Amino acid sequence: QVQLVESGGGLVQAGGSLRLSCAASGGTFSRGAMGWFRQAPGKEREFVAAISWNTGSTYYTGSVKGRFIISRDNAKNTVYLQMNSLKPEDTADYYCAVCRTCSGAYYNRNTWDYWGQGTQVTVSS
């Protein structure tokens, strides 16, 4: 059974940085992709970023381009989300996810097969 464990969330002032980590276990991850979503209070879960396991190609939603960087460590089955220049509107619970075949668009939640429990990020103004 695939398990995803996020860490690195916390409270930070606007303009600050945080790095989230997501460690995957219980499977092989040479194919597919790993991604991050976030869900703010009262809002739907939205796509943030994704990275292909084998090619390393990255994808971002428009609101985080130039501020967030997704990366991976294949040897550790771990993906990272470096978040810079944080804004209060980045406040949300952040979830990592894995897709094996990734048959749909990355921004579609139904594309993803496994989800972590989430880590909270709060950005104060």
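Structure: see above.
Attention here is on the structure that accompanies the text. (Residues numbered from 1 in each chain as written. Predicted model: local features only at pLDDT ≥ 70, side-chain atom pairs only at ≥ 80, totals over all residues. Heavy atoms only, no water.)

Along the chain, N54 turns up in the loop between β5 (46-52) and β6 (58-60). Setting aside anything within four residues of it in sequence, one finds N54 in contact with S30 and R72. (Helix = DSSP H or I, 4+ residues; strand = E, 2+ residues; numbered from the N terminus. Contact = heavy atoms within 4.5 Å.)

With that out of the way, let us pick up the sheet that holds strand β7 (residues 68-73). Either a parallel or an antiparallel arrangement is found when strands of a sheet pair, and the pairing is made through backbone hydrogen bonds. Spatial ordering of the open sheet is given by β1-β3-β8-β7, a layout of four strands whose pairing is antiparallel. This sheet does not close on itself; its edge strands, each paired only once, are β1 (3-7) and β7. The average undirected angle you get between the axes of adjacent strands in this sheet is 15°. (Pairing = 2+ DSSP bridges. Axes fitted to C-alpha atoms, helices over the stretch in contact; angles between N-to-C directions.)

Buried residues dominate strand β9 (residues 92-99), accounting for seven of its eight residues. Of the strand pairs in this sheet, strand β4 (residues 33-39) and β9 are connected by seven bridges, and their pairing is antiparallel. Residue pairing across strands places M34 opposite V98, the latter belonging to β9. Both β9 and strand β10 (residues 114-115) contribute to a ladder of two bridges, which runs antiparallel. Bridge pairing in β10 links A97 to W115. (Buried < 20%, exposed > 50% of the residue type's maximum accessible area, 1.4 Å probe, protein only.)

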